[in-house]
Amino acid sequence: MAAPEPAPRRAREREREDESEDESDILEESPCGRWQKRREQVNQGNMPGLQSTFLAMDTEEGVEVVWNELHFGDRKAFAAHEEKIQTVFEQLVLVDHPNIVKLHKYWLDASEAGARVIFITEYVSSGSLKQFLKKTKKNHKAMNARAWKRWCTQILSALSFLHACSPPIIHGNLTSDTIFIQHNGLIKIGSVWHRIFSNALPDDLRSPIRAEREELRNLHFFPPEYGEVADGTAVDIFSFGMCALEMAVLEIQANGDTRVTEEAIARARHSLSDPNMREFILCCLARDPARRPSAHSLLFHRVLFEVHSLKLLAAHCFIQHQYLMPENVVEEKTKAMDLHAVLAELPRPRRPPLQWRYSEVSFMELDKFLEDVRNGIYPLMNFAATRPLGLPRVLAPPPEEVQKAKTPTPEPFDSETRKVIQMQCNLDRSEDKARWHLTLLLVMEDRLHRQLTYDLLPTDSAQDLAAELVHYGFLHEVCWAGWCCRAKGVCGAGRTPPSPMPPSFHRATG
C-alpha cells in the first residue's frame, strides 16, 4: 500500500493550483465582449514601451492572444490627438503577412485617472528568437545551416513585404527580442507598430514610448547612422544582418550585462566557417547605408537562393485554389486512389523504367507539408508575385492637415476590406413568376463565405446595386467592376438586372 503524500507537498500542489486558477481569472473584457483579459502577464518582448501585456482569450476563435496596454498620463493631450491615434491603428490593422505578428483589434479607453490604448495581437507561445537561441546553445554547439537559411528567408520575406509598401514601412526596431518563433519553425516579426506609432505622436505624448535602443544590450542591432539621418530601409537591413549573425553563432557575447562590443561582433564574424554566409552577413552590416542591399535582393543571394521544387510550386498552387475544392479533398482523394498505380515513371535506356507508385507517398507527411506552406514556413520568393499586391497606401506620413468645416454625417457602415476570390450569381423565378430572386454567393480571400439574397424589381440596375454592396460593406470596392460585369452578363441573357439594395436585403455571413 502506497504511503500517503507528505502534508507540505500536498500544500505546495494546492498553492500551485490556486495560482493557476488566479492567473486564468478574467479581469476585463473588450467593449464587444470578444477579447477577455486574464491576470497572467506575458513577456512577449515585441512591445517596448508597453506598461503591461496580458494573456487574453479570443472567445470567437477559441485561441489565446496578447492584450497590450499603452498608458498616457496626460488625458487632455491624449484627447487632442485621439483622431490621429485612431488613424494610425486603423492602418496598422491592415498590415497582414504570415511572418508578421498580426494586430487584430484596438480601442481607446479614457477615464479621469488617465487614458489607454488597448490593442490585441497574435500570441506566439514559443517565445522570442533570443530565448530559443539560448536554449539551443545549451544542447548544440552550432546552428543547423538549413534552419538558419529557412529563418533568414522568412525574416527577409516579411521585410521585403514591408519595404515594398507605398511608402515603405520601416520596422526600425528589429532585434532577436522582437522576432518570434513558433513550435513549427514559423518565424514572426513583432513590434511593427512601435516606430510608426511613436513617430506619429507629438512630443507631449511620446513619453510612454521607449525604443529598444535605450537598452545597452541591444545597441549593436542599430546601425551607426541611427538617429542622425532620416530612417530608411537600410536601417532594417543592418539590424537583420546582426540577427543573422546571432542566429549563426547562437550568441554574441556581451561585456558582462552591458553592451556588445565591436570586438565581440568581429570575433563572431570570424568564427563563421561558411564564406558565403560570412559575405552575406558582411554586406548587410556595411557601415555605408547605400551599400546595403535590399531585402528582396538578399533573397537571391547565393547563400539563400534555391530553385523551388516542383512539390513546393504544386503546394502553393493547391493552397491558392483550395477554395474551389472541398475541405477534406486530400483525404477523399487518397481513399479513392489505387495505391499500386504508377505516379511517375522515368524511362531508362536498355533497362526497365524507374517507377514511383502512390504507395511510396506518405499522405500524413503531405498533409503536414501543405499545412506548413499554408502557414508561411515555405514562401515562394523567386517570383515577383510574392511582393505585396494592391496594398493600400498605409502608414504614410499625413500631409499638412487643412482645416475643414465638419458637417453632420450618418454613422458609417463597416467597410469590407477583404477581396472576393470567387463569385457565383443565381437568378430564379419566384413562384408567381412576377419577380426574379437573386442569390449571390461570395468566397472571400480568407476563405469565409458570404451569401446575399434579394428580390429584384424591373427598375433595378447593376451599377446601383454594386455601389450599394460596397456602401453597406458586403463587397470590397476593388470588386465593384467585376460585379458590374457579372450583372451585365446576366442582363444580356434576357434577365432583369440587379438593383439598389433596400434595407430589407438579406445579409448572411459565414
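Residues numbered from 1 in each chain as written. Predicted model: local features only at pLDDT ≥ 70, side-chain atom pairs only at ≥ 80, totals over all residues. Heavy atoms only, no water.

Within an unreviewed UniProt entry, the label attached to the protein reads Nuclear receptor-binding protein 2, and the organism entered is Sapajus apella. One UniProt comment on the protein, placed under Function (unreviewed entry), says "May regulate apoptosis of neural progenitor cells during their differentiation." Among the UniProt annotations of the protein, the heading Subcellular location (unreviewed entry) holds the following wording: "Cytoplasm". (UniProt positions renumbered as here; feature names shortened; annotations may be inferred.)

A.B. asks: Lay out the pairing of strand 9 (residues 342-348) with the relevant residues and their values.
C.D. replies: Regular strands have side chains that alternate between both faces of the sheet. In terms of strand pairing, strand 9 meets strand 10 (residues 351-357) through 5 bridges, oriented antiparallel. By the bridge assignment, Val342 is partnered in strand 10 with Arg357. Linking strand 9 to strand 10, which pair antiparallel, is a turn of 2 residues; within it Arg350 sits at a positive phi near 60 degrees. (Pairing = 2+ DSSP bridges. Helix = DSSP H or I, 4+ residues; strand = E, 2+ residues; numbered from the N terminus.)

A.B. asks: Give a detailed account of the sheet that holds strand 5 (residues 103-110), specifying residues and quantitative values.
C.D. replies: Spatially, the 6 strands line up as an open sheet ordered 1-2-3-4-6-5, and their pairing is antiparallel. Each edge of the sheet is formed by a strand with only one pairing partner; in this case those strands are strand 1 (26-29) and strand 5. In this sheet, adjacent strand axes meet at a mean angle of 30 degrees when their direction is disregarded. Its contacts with the sheet put helix 3 (residues 82-92) on strand 5 and strand 6 (115-122), and the angle it makes with strand 5 is roughly 165 degrees. (Axes fitted to C-alpha atoms, helices over the stretch in contact; angles between N-to-C directions. Contact = heavy atoms within 4.5 Å.)

A.B. asks: Give a description of the packing of aromatic side chains that names residues and reports values.
C.D. replies: For any two aromatic rings, the description comes down to two numbers: the centre-to-centre distance and the angle of the planes. Throughout the structure, instances matching the rule amount to 10 aromatic pairs. For the ring pair Phe89 and Phe119, a centre distance of 5.2 Å and an interplane angle of 45 degrees mean the geometry is tilted. Here Phe89, found in helix 3, pairs with Phe119, found in strand 6; they are 30 residues apart in sequence, far enough to count as distant. Each of the two residues, Phe89 as well as Phe119, counts as buried. Members of the aromatic cluster, connected to one another through ring pairs, are Phe89, Tyr106 and Phe119. One cation-aromatic arrangement involves Lys37 over Phe54; the distance from NZ or CZ to the ring centre is 4.2 Å. Across the ring face of Phe369, the terminal group of Lys311 is positioned such that the distance to the ring centre comes to 4.4 Å. (Phe/Tyr/Trp six-rings, centres within 6.5 Å; stacked < 30°, edge-to-face > 60°. Buried < 20%, exposed > 50% of the residue type's maximum accessible area, 1.4 Å probe, protein only. Lys NZ or Arg CZ within 6 Å of the ring centre and 35° of its normal.)

A.B. asks: Would you mind going over the nonpolar core in detail, with residue names and values included?
C.D. replies: Counting 71 residues, the largest nonpolar core has Trp148 and Phe240 as the members making the most contacts within it. Top element by residues in this core is helix 7 (residues 233-249). It accounts for 11 residues. Formed jointly, this core draws a minimum of three residues from each of two domains, domain 1 (25-122) and domain 2 (127-300). With residues up to four places along the chain from it excluded, the contact list for Phe240 reads Cys152, Ile155, Leu156, Leu159, Leu174, Phe280, Cys284 and Leu298. (Core = buried A, V, L, I, M, F, W, Y, C linked by side-chain atoms within 4.5 Å. Domains from an automatic or database assignment.)

A.B. asks: Can you lay out helix 5 (residues 145-163) for me, pointing to particular residues and giving the numbers?
C.D. replies: Compared with the 27 Å implied by 1.5 Å per residue over 19 residues, the 26 Å span of helix 5 between its first and last C-alpha is a close match. In terms of residue burial, helix 5 counts as a mostly covered element, since 15 of its 19 residues are buried. (Expected span 1.5 Å × (residues − 1).)

A.B. asks: Can you tell me about the packing of helix 7 against helix 8 (residues 262-270), naming the residues and giving the values?
C.D. replies: Where helix 7 contacts helix 8, the axes come no closer than 10 Å and their chain directions differ by 60 degrees. Between helix 7 and helix 8, the angle is such that the two are oblique. The element helix 7 and its partner helix 8 pack so that their crossing is left-handed. Seen from helix 7, the contacting residues are Met242, Leu245 and Val249; seen from helix 8, they are Ile265, Ala268 and Arg269. Its residues placed into classes, the contact of helix 7 with helix 8 shows 5 nonpolar, no polar and 1 charged. (Parallel < 35°, antiparallel > 145°, perpendicular 65-115°, else oblique. Left-handed = near helix turned anticlockwise from the far one by under 90°. Nonpolar A, V, L, I, M, F, W, Y, C, P; charged D, E, K, R; others polar.)

A.B. asks: Which residues make up unusual backbone geometry, and what are the values?
C.D. replies: Even without being a glycine, Ser191 presents a positive backbone phi close to 65 degrees. Tracing the sequence through the fold places Ser191 in the loop between strand 8 (187-189) and helix 6 (192-200). Phi angles above zero are rare outside glycine, and Arg350 is one such case at about 60 degrees. Checked against the element boundaries, Arg350 lands in the loop between strand 9 and strand 10. Judged by its relative accessible area of 84%, Arg350 falls in the exposed class.

A.B. asks: If you had to explain the side chain of Glu225 to someone new, which residues and values would you point to?
C.D. replies: Checked against the element boundaries, Glu225 lands in the loop between helix 6 and helix 7. Every residue in contact with Glu225, bar those within four places of it in the chain, is listed here: Val235, Arg287, Pro289 and Arg292.

A.B. asks: I'd love a proper account of the environment of Glu29, names of residues and values included.
C.D. replies: Mapped onto the fold, Glu29 is located in strand 1. Given a relative accessible area of 42%, Glu29 falls into the partly exposed group. The sequence separation of Glu29 and Ala56 amounts to 27 residues, and the corresponding C-alpha distance is 9.2 Å. There is a polar contact of 3.0 Å between the side chain of Glu29 and the side chain of Gln36. (Polar contact = N/O pair within 3.5 Å; in protein donor to acceptor, adjacent residues only side chain to side chain.)

A.B. asks: How would you sum up a nonpolar patch on the surface? Please name residues and give values.
C.D. replies: Side chains of Phe300, Phe305 and Val307 sit close together on the surface and give an oily, nonpolar patch of about 300 Å² of accessible area. Relative to the helices and strands, Val307 is located in the loop between helix 10 (295-298) and helix 11 (310-320). The exposure class of Val307 is exposed, given its relative accessible area of 71%. (Patch = residues over 30% accessible without salt bridge, like charges linked within 9 Å, V, L, I, M, F, W, Y side chains within 5 Å. Areas by Shrake-Rupley, 256 points an atom, 1.4 Å probe, with all protein chains shown as cover. Salt bridge = Lys/Arg side-chain N within 4 Å of Asp/Glu carboxyl O.)

A.B. asks: How would you explain helix 3 if you had to name every residue and give the values?
C.D. replies: Of the residues making up helix 3, those classed as buried are Ile85, Val88, Phe89 and Leu92. Taken down its axis, helix 3 places every buried residue within 90 degrees of arc, on the same side. (Arc of directions from axis to C-beta.)

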